[in-house]
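What follows is the residue order along each chain.
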Amino acid sequence: MSFQEYLKYLTKRLVEYLDTPAVERKRRKEPREAWSTRWFGAIPMSIRLLRRK
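Residues numbered from 1 in each chain as written. Predicted model: local features only at pLDDT ≥ 70, side-chain atom pairs only at ≥ 80, totals over all residues. Heavy atoms only, no water.

Chemist: Which parts of the structure should I look at to understand the overall build of the chain?
Modeler: Within the chain, the regular secondary structure consists of four helices and zero strands. The globule rule puts the C-alpha radius of gyration for 53 residues at 10 Å, and the 20 Å found for the chain is more than 25% above it. Along the three orthogonal principal directions, the C-alpha set of the chain runs to about 60 × 30 × 10 Å. When the 53 residues of the chain are sorted by exposure, 6% land in the buried category. Carbon and sulfur atoms make up 61% of the accessible area of the chain, which totals about 5,700 Å². Taken as two groups, the 14 positive and 6 negative side-chain charges of the chain have centres that lie 12 Å from each other. (Helix = DSSP H or I, 4+ residues; strand = E, 2+ residues; numbered from the N terminus. Rg over C-alpha atoms; globule rule 2.2 N^0.38 Å. Buried < 20%, exposed > 50% of the residue type's maximum accessible area, 1.4 Å probe, protein only. Areas by Shrake-Rupley, 256 points an atom, 1.4 Å probe, with all protein chains shown as cover. Lys, Arg positive; Asp, Glu negative; His and termini not counted. Charge placed at Lys NZ, Arg CZ, Asp CG, Glu CD.)

Now the structure itself:
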């Protein structure tokens, strides 16, 4: 990929980003689950609950 092609790609992505309404951009950015839950499932959550009691 040449520099010009890369620059065109970046410009296209920037224009698409700026054309989308702010509300839609916020809707796309969904909250992610914690990394410990993603990697290890429900085990970290259950340990935290046991520790609180």
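Now, onward.
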